[in-house]
Amino acid sequence: MEYKNTLNLKPSPLSQKARLPELEPKMLDAWERADIYSKIIETHAGDPLYILHDGPPYANGSIHLGTAMNKIIKDMVVKSKSMAGHLAPYVPGWDCHGLPIEHKVTTELGDKARELSKSEIQKRCRAYASKWIDIQRKEFKRLGVFGDWENPYLTMKYEYEAVIMDTFAELVGRGSVYRGAKPIHWCTHCFTALAEAEVEYADHASPSITVKFKLEGKHPPELAFIGNRDLYLVIWTTTPWTLPANNAIAMHPDFDYVAVEVDGDALVVAEGLLNYFLNDIGKTGATVLGKFKAKALEGRKAIHPLHGRHSLVILGDFVTLEAGSGLVHIAPGHGQEDFEVGQKYGLPVYAPVDESGRFTDDVEEFAGMEVFAANKAIIESLRRRKALLDSREISHSYPHCWRCKNPVIFRSTPQWFVTMDSTGLRKNALEAIETVQFIPPWGQKQISDMVRDRTDWCISRQRAWGVPIAAFYCECGEVLLSADVTRHVARIVEKEGVEAWFSHSESELLPPGTECPKCGGTNLKKEMDILDVWFDSGVSWAAVCEKHPQLTYPVNLYLEGKDQHRGWFQSSLLTSVGARNRAPYKAVMTCGFVVDENDRPYSKSSGNYVPLEDMITQYGAEIIRLWVASSDYKEDVRMSDETMKRLSDAYRKIRNTARFMVGNLYDFDPDKNSVKDDELAYLDKWIMARYRRLAELLRSAYSDFEFHRVYHFLLDFCTVDLSAIYLDILKDRLYCDGAQSKGRRAAQTVMWNILIGLLKFMAPVITFTADEIWLLIRRKGMADSVHLTYFPDDKPRAEDTELLEKWDRLLRLRAAISKALEEARKKKTIGSSQEARVLLTGDGALLKLASEDLNLIREMTISSIVEITDKTDDGFIKPEDADGLLVKIEHATGKKCQRCWNWWKDVGPHGAHEEICDRCARVLTPV
Ligand SMILES: [Zn+2]
Ligand SMILES: [Zn+2]
Ligand SMILES: [Zn+2]
């Protein structure tokens, strides 16, 4: 008789090979047809709201792995919050205005760009952004990210553009916006001011020169020791081109300064830098004439070696002894500290450099020269005038333009600013930060430090693709910027888009009857600068969270890369505090960057980059999701081929565990066949206790956004608890016991409950496969998709603790016996463990434990018989960590049951059957 056909064995409907790259598009289609996102929102209609507000990626170019990681983490947050019992709408968005798109569009247009009006350029930028939004939307959806993809927010939608202006009007109305000349980072290639977040630091070779300025007039009495020598102040700079704009020299109020004799002159340097200075100019052992404090020179005038005008000696705490001479060259038009100290001393903000980086006609000798090129000529001129003490080249970290990668300059021009201090914005923002939870916590200090140290926010840009600053200039010189006029223009933009600003005349844009408040004139000219694009995305809390019917303000969470403390987190904070007096978020979470196995940035320029599309084709989006989940994304996250192979392996293990359970549930109807808790086998009770503990751990890991813990808990439970222990032991009961027997139904009850639970807990991470399996096992009355369910609320029970402790010992016993079985297999004493007769002796707690239920130990070790003996003859081994237990494996006596392959004593003829066991006989001959 062919007994194989009498076993409860059917092929699993879940295929062993996932073929994710083929499966996923089918799942995506099905979800799209079912409108899964709307269904999730309906499912959670009555639940408390949880809002993760999406930070808008820039609508330019295909997404890369970092962008994918960001969106997948957000998706895991949203899905897990939903399943934990929240209404968690997710409205994705895109950042659409700004230089990168304008740059691309004008470059593609070439010479034609110059013939087009600004509003024509804007129209083309709009079309360009739309194209990339469509592409990126497809790419994000392909990753299994759920959201309101058909109604995203776009910073270039007319209504969004109008909110940008309305929020700006709010700040204008509160007196937070001013126009001033101020040094700012300026790209001479892109012709625009750059925000701090638009500047990147990279190594750059600069000249390093030491220059002397002759002090004018009689020597002060404190410096009488100089005698009749000429007195020179020594400064050091790496930007010789800023020297024409020098109008002061700063000394530290507390340092000691010395005058040293060099070639008959007295040169002033800080005492602490004397040796450094002498070394630089190649002198040793110069005579120190005397020592004094800077106060003696404050207010005196030095003669500028290039143009002969005055340079004022001033005091400043920012002077250091790190390099140079301890006297700092000050050009308030070309440096932040220079500007600030210059304000204190009333120095003019002089910056004789035009927008293309050339000296203006003001600058004798160097007019028309590009500043970096002029460095050489300036050094030569200083040498001719005998003012140059040293000149060399150094390599140092220098600001570069994020867009064109060229070195930028600091240049003061008239710009619009949001004041950080005069309306208390800095103070209020710092207070608001205290109300926010930061994950990880160091983010709080990071953003606080940045807000504390930052300068006023320069919000004007000399470009076309963006939102107008609705200011007007009168012939009399008066500048008109008001909340009312801005709101008036916002209503026009709401109907026609930002194109309206450049395409309409001033009289069409201004409220009727507007006149200059100073001279009453009506010949007003509109501002051509636009708003910083960071302002656009920064007001998404107003344009999206406050306006969208499903959202609210403030939101629960902002989640972006760790560089956004200086970017979006900050621009959102400043606009929200500035207009609403509070932070727009309750919590801020950051993720790291993607790096390769050598911790280099994972990018096209590093040469280690695999396009996302190729990775999806090779592994499937599910494995990329698993990679995101498995990483501690609060740090930088590694990506390599090896990582992906390891994760594919982990995925296969989880899938195979599920496959086994699905395969053994083919004849199980949970409504009809479920077995009550108290009728479960001891082994079943153990795995249920383990599962309940797992459920609690998973809920808490999800609630802490610790997805790497979710991954490890799930993987360990599948591979160890289920695959290596429970399901392995269960096989005999599942396959060989009667199909309707209590034992098999109990096993099925347990597998059903655990599988359903696992699928729900897997769903936020292993999004495709969890639903694939759910649809395979779905019974009447169950949700249409696992994504429409809640996490199970199984909690550990009081009795679980004792049970799990006892099982820890039982599993230790099992491990000890397994070791002996393994050795017996190697020695060919037995083939499979079912051929084994296990003899136990020795002493200790494990032996005592075994004696309590030998049949359980037999079942756990999948052997045919376990006996305790008092013989200790040869062949006993003493496994480690087994409390003195001795184990010996012999081949079981008797015969092998032809149906279940156990070597049981009762194997023999049973009715029509030659060699089967009692259990099998009862199964084959139902009473
Ligand atoms: Zn540039
Ligand atoms: Zn006027
Ligand atoms: Zn049998």
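Worth saying up front: this structure is predicted, and the values here are computed from it rather than measured.

Basis of the calculations
- Residues numbered from 1 in each chain as written.
- Chains lettered and ligands numbered in written order.
- Predicted model: local features only at pLDDT ≥ 70, side-chain atom pairs only at ≥ 80, totals over all residues.
- Heavy atoms only, no water.
- Donors = N, O, S within 2.8 Å, 3.2 Å for Na, K, Ca; no water.
- Tetrahedral: all angles 85-135°; square planar, octahedral: opposite > 155°, others 65-115°.
- Helix = DSSP H or I, 4+ residues; strand = E, 2+ residues; numbered from the N terminus.
- Buried < 20%, exposed > 50% of the residue type's maximum accessible area, 1.4 Å probe, protein only.
- Axes fitted to C-alpha atoms, helices over the stretch in contact; angles between N-to-C directions.
- Parallel < 35°, antiparallel > 145°, perpendicular 65-115°, else oblique.
- Contact = heavy atoms within 4.5 Å.
- Nonpolar A, V, L, I, M, F, W, Y, C, P; charged D, E, K, R; others polar.
- Pairing = 2+ DSSP bridges.

Enquirer: Can you explain the coordination of the zinc ion (ligand 2)? Please cite residues and give values.
Expert: Protein-derived coordination of the zinc ion (ligand 2) comes from Cys474 (SG), Cys476 (SG), Cys516 (SG) and Cys519 (SG), at a distance range of 2.2 to 2.3 Å. Classification of the site at the zinc ion (ligand 2) as tetrahedral follows from its 4 donor atoms and the range of 103 to 114° in their angles at the metal. Of note, the donors binding the zinc ion (ligand 2) are all from one chain and are spaced C-x1-C-x39-C-x2-C. Remark: Cys519 occurs in the loop between α15 (506–509) and β22 (524–526) and Cys474 occurs in strand β20 (residues 472–474); sequence separation between them is 45 residues. We classify Cys519 as partly exposed; its relative accessible area is 46%.

Enquirer: Explain the side chain of Thr192 to me, and be specific about the residues and the numbers.
Expert: Along the chain, Thr192 turns up in strand β5 (residues 192–194). With a relative accessible area of 1%, Thr192 lands in the buried category.

Enquirer: Any details on the packing of helix α1 (residues 20–34) against helix α26 (residues 767–777)? Residues and values, ideally.
Expert: Running from amino to carboxyl end, α1 crosses α26 at an angle of 75°, the nearest separation of the two axes being 10 Å. By the angle between their axes, α1 is roughly perpendicular relative to α26. Here Leu20, Leu23, Glu24, Met27, Leu28 and Trp31 of α1 come into contact with α26, specifically with Thr767, Phe768, Thr769, Asp771 and Glu772. When the residues that make up the contact of α1 with α26 are grouped by side-chain class, the tally is 6 nonpolar, 2 polar and 3 charged.

Enquirer: Please set out the sheet that holds β20 residue by residue, giving values where relevant.
Expert: Spatial ordering of the open sheet is given by β21-β20-β22, a layout of 3 strands whose pairing is antiparallel. With partners counted over all chains shown, the strands left at the sheet margins are β21 (479–480) and β22, one partner each. When β20 meets β22, the two strands line up antiparallel, connected through 3 bridges. Each bridged residue has a counterpart across the sheet, and for Tyr473 the counterpart in β22 is Lys525.

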